[in-house]
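Coordinate inspection notes
Residues per chain are reported as follows:
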Amino acid sequence: MTVVFPIAETALQSVHHCEARQEGSWIVYTCKRCPGYERKIHQDTGQIAIKGPVPFSVEHVCDRRKRQ
């Protein structure tokens, strides 16, 4: 008997953990492994801004806690 497990797209993704800093009302997340990647979340409005190239195969995990 052969058991075949399909590989989901998510299984092929790398996970990068971001570092956070606060700039005024914005929490800014950057990734050491992805130069130029930045995700910003405005604390009051919830507005999100992302800049920099991000390969499809990378998932960025950004902890919402503020870090100084």
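Placed above this text is the structure.
For clarity, every value in this text was computed on a predicted model and none was experimentally measured.

**Describing the sheet that holds strand β3 (residues 26-30)**
- Ordered by their spatial adjacency, four strands build an open sheet running β2-β3-β4-β5, and the pairing between neighbours is antiparallel. Sheet topology places β2 (19-23) and β5 (48-51) at the edges, where each strand pairs with a single neighbour. The average undirected angle you get between the axes of adjacent strands in this sheet is 20 degrees.
- Pairing geometry for β3 and strand β4 (residues 38-42), over five bridges, is antiparallel. Residue pairing in the sheet places Tyr29 in a bridge with Arg39 of β4.

**A look at the side chain of His42**
- Residue placement: His42 occurs in strand β4.
- For His42, a relative accessible area of 15% corresponds to the buried category.
- At 3.1 Å, the side chain of His42 and the backbone nitrogen of Asp44 are in polar contact.
- There is a polar contact of 3.2 Å between the side chain of His42 and the backbone nitrogen of Thr45.
- Residues within four places of His42 in sequence aside, it is in contact with Ser25, Trp26 and Gln47.

The rules we used
Here the residue numbering is sequential within each chain, running from 1 through the sequence in written order. Where local features are concerned, this predicted model is filtered to residues with pLDDT of at least 70; where side-chain atom pairs are given and counted, the filter is 80 or more; whole-chain, interface and lining totals use all residues. Only heavy atoms go into the side-chain values, all of them from the structure, while hydrogens and water stay out. Here, any two strands with at least 2 DSSP bridges between them count as paired. Numbering of helices and strands runs from the N terminus; a helix is a DSSP stretch of H or I covering at least four residues, while a strand is a stretch of E covering at least two. For helices, the axis comes from a line fit to the C-alpha atoms of the stretch in contact; other axes are also lines fit to C-alpha atoms, and the angle between any two N-to-C directions lies between 0 and 180 degrees. With a 1.4 Å probe rolled over the protein chains alone, any residue whose accessible area is under 20% of its type maximum counts as buried; one over 50% counts as exposed, and the rest are partly exposed. Side-chain atoms alone can form a polar contact between residues adjacent in sequence; in general such a contact is a pair of N or O atoms within 3.5 Å, and within protein one must be able to donate a hydrogen while the other accepts it. Only heavy atoms matter for contacts: two residues are in contact if any of them lie within 4.5 Å across the pair.

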